[in-house]
Amino acid sequence: MSSAHHGLSAHAAGSHKRFQVVMTCAIAALAGLLFGLDIGVISGALPFIAKQFHVSDKVQEWIVSSMMVGAALGALLSGWMAKAIGRKYSLMIGAALFACASAVCAFSPDPRFLIGGRVLLGIAVGIASFTAPLYLSEIAPRTMRGAMISLNQLMITVGILAAFLSNTAFSGTGNWHWMLGVIAFPALALLAGLLLLPQSPRWLMSVRREKEAQTVLEHLRTDSKEIDVEMREIRDQLKITQEGWGLFRSNPNFRRSVWLGVLLQIMQQLTGINVVMYYAPRIFGLAGYGSAHDQLWGTVIVGAVNVASTFIAIGLVDRWGRKPILYIGFTVMAASLATLGAMLHIGITSGTTQMVAVAALLLFIVGFAMSAGPMIWILCAEIQPIKGRDFGIAASTFVNWIANTVAGATFLTLLNTFGHAQTFWLYAALNALFILVTLRYVPETRSASLEQIERNLMAGKPLRQLGQ
Ligand code: BGC
């Protein structure tokens, strides 16, 4: 009787702790929400901003991409900050800056002021995009780690959808000030939520606060043996000093994993995903939907398809592996963009061509969300050796934002210079090329342990065999 009772209470304690982990991670993943809100908000506001300030396509591109320039800076800055003041306080600074910068954008009296506000907003997003996955991976027990990294991507897509919905709600009045300002509220909620979160145990140990680290782990892990093992592993890992730049210069094998991370993020951005995220209303306009109302609802559908399709990846990633999913994704994206280009080429004049164009656009989103969206972030977190993990992930996150900037800043110029169909064909060709790049350089990491990947890397095995 008493042992049955003991078993029951141990079980209850176990599920209570799992609940704690999920709650902690859910709050931290809200940082992904900020990332998404920011990506999504501009597409709806841009047409109204352009109208009020009479700005050219060039200035519009800068309004869009100034945020990404800031985010690249923020990613670099946070590599240092997460180490110096810890993950929790970095996230709090990110959330506070995000709230302030949203207010600056909302009250902008002219385009220059707005561009400045968006650089600040970007710095906040850059901090979130580097720190959140790092914190999640350090808080989650090993068995939930993959799911938690995907949770971050899921929150990004939810953030984009929420922004699209809010854009649509404010579009009746055309009030872009509110569109840009309202995202300060979730940031404030995140700030409040973050107060409740523990520090990362790994960071606490790195600043020699072992007792506190132990207390945090006691809250989040079910059995005390697990805590001992984890603390021992962290202690061992910390013996190897993180030598980012020095290691990069001295170790050619580490250089290979850094370049692979950078290449992966360039591929993710050059799929063209953010061209759709930022300029969706414009693309719906090209597809024959003239009214702002129709265009905004179109973007809401894009956002919803993006969220829904992310679940495909979450369900398949540990069963099928990363590479098969990437092959399918790049193929779907290449085919759908080629189709969209073809429709624009023959002219979208009938109901049928319009339907095909919209279907192609949505299929492109499915292709991305089920593959390159989550998969690239997962791979980037898996391929770096412990000794250079902070440096490697900061470098690939930085390049994600640089490539994002290039795509955002050139889209309208590409449309105007090469033509509509040709621009989408260019992106289709890039996606086709990425099938080959995946074949040649991307490792299958599905059932490999991180230690095994590191051993293969340092032994000089070809990149595509790192997981074998
Ligand atoms: C990308 C973002 C993109 C988002 C779309 C993320 O993985 O890094 O650039 O906007 O997915 O869902």
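Here's a quick rundown of the structure. (Residues numbered from 1 in each chain as written. Predicted model: local features only at pLDDT ≥ 70, side-chain atom pairs only at ≥ 80, totals over all residues. Heavy atoms only, no water.)

Let's talk about helix α18 (residues 389-418)
No. 1: Its 30 residues give α18 an end-to-end C-alpha distance of 41 Å, which sits within 8% of 44 Å, the value for a rise of 1.5 Å per residue.
No. 2: Of all 30 residues making up α18, 21 are buried, and the element is well covered by its neighbours. (Helix = DSSP H or I, 4+ residues; strand = E, 2+ residues; numbered from the N terminus. Expected span 1.5 Å × (residues − 1). Buried < 20%, exposed > 50% of the residue type's maximum accessible area, 1.4 Å probe, protein only.)

Description of the packing of aromatic side chains
No. 1: Enumeration over the complete set of coordinates arrives at 14 aromatic pairs.
No. 2: Centroid distance Phe35 to Trp401: 4.9 Å. Interplanar angle 40 degrees. Geometry classified as tilted. Placement of Phe35 in helix α1 (residues 2-53) and of Trp401 in helix α18 is noted, with a sequence separation of 366 residues between them. Per residue, the accessibility class of Phe35 equals that of Trp401, and both read buried.
No. 3: Ring centres of Phe53 and Trp176 lie 5.7 Å apart, and the angle between their planes is 65 degrees; on these two criteria the pair is classed as edge-to-face. Placement of the pair is Phe53 in helix α1 and Trp176 in helix α6 (residues 176-181), with a sequence separation of 123 residues.
No. 4: Its relative accessible area of 17% is what places Phe53 among the buried residues.
No. 5: For Trp176, a relative accessible area of 1% translates into the label buried.
No. 6: Aromatic ring contacts, followed pair by pair, group Trp245, Phe248, Phe254, Trp259 and Phe391 into a single cluster. (Phe/Tyr/Trp six-rings, centres within 6.5 Å; stacked < 30°, edge-to-face > 60°.)

Some details on the environment of Leu450
No. 1: Assignment of secondary structure puts Leu450 in helix α20 (residues 450-458).
No. 2: Counting along the chain gives 65 residues from Leu450 to Pro385, while the straight-line C-alpha distance between them is 8.0 Å.
No. 3: Once residues lying within four places of it in the same chain are set aside, the contact partners of Leu450 are Glu382 and Arg389. (Contact = heavy atoms within 4.5 Å.)

Concerning the pattern of salt bridges
A side chain of one charge can pair with a side chain of the opposite charge if their charged atoms are brought near each other.
No. 1: On inspection of all chains with the given rule, the structure shows 8 salt bridges.
No. 2: Asp57 is the salt-bridge partner of Arg282, the closest N and O atoms lying 3.5 Å from each other. Of the two residues, Arg282 is situated in helix α13 (residues 273-286) and Asp57 in helix α2 (residues 57-84); the sequence distance between them amounts to 225 residues.
No. 3: One salt bridge connects Arg235 with Glu210, and the closest N-O pair in it is separated by 3.2 Å. Placement of Arg235 in helix α10 (residues 224-239) and of Glu210 in helix α9 (residues 210-220) is noted, with a sequence separation of 25 residues between them.
No. 4: Shared partners join several salt bridges into a network, and the residues in it are Asp318, Arg322 and Glu382. (Salt bridge = Lys/Arg side-chain N within 4 Å of Asp/Glu carboxyl O.)

Some words on a nonpolar patch on the surface
No. 1: Residues Trp62, Val69 and Leu73 make up a contiguous nonpolar surface patch of roughly 260 Å² in combined accessible area.
No. 2: Topologically, Val69 is positioned in helix α2.
No. 3: According to the relative accessible area criterion, Val69 is partly exposed, its value standing at 32%. (Patch = residues over 30% accessible without salt bridge, like charges linked within 9 Å, V, L, I, M, F, W, Y side chains within 5 Å. Areas by Shrake-Rupley, 256 points an atom, 1.4 Å probe, with all protein chains shown as cover.)

Remarks on the site of the ligand
No. 1: Of all residues adjacent to the ligand, which total 14 residues, the nearest are Gln153, Gln268, Gln269, Asn274 and Trp377.
No. 2: At a separation of 2.9 Å, an oxygen atom of the ligand approaches a polar side-chain atom of Trp377.
No. 3: For the ligand, the accessible surface in isolation is 310 Å², of which the surrounding protein chains cover 100%.
No. 4: With 3 residues, helix α5 (residues 145-171) is the single largest residue contributor to the shell around the ligand.
No. 5: Residue classes in the shell around the ligand are distributed as 5 nonpolar, 9 polar and no charged. (Near = heavy atom within 4 Å. Polar contact = N/O pair within 3.5 Å; in protein donor to acceptor, adjacent residues only side chain to side chain. Nonpolar A, V, L, I, M, F, W, Y, C, P; charged D, E, K, R; others polar.)

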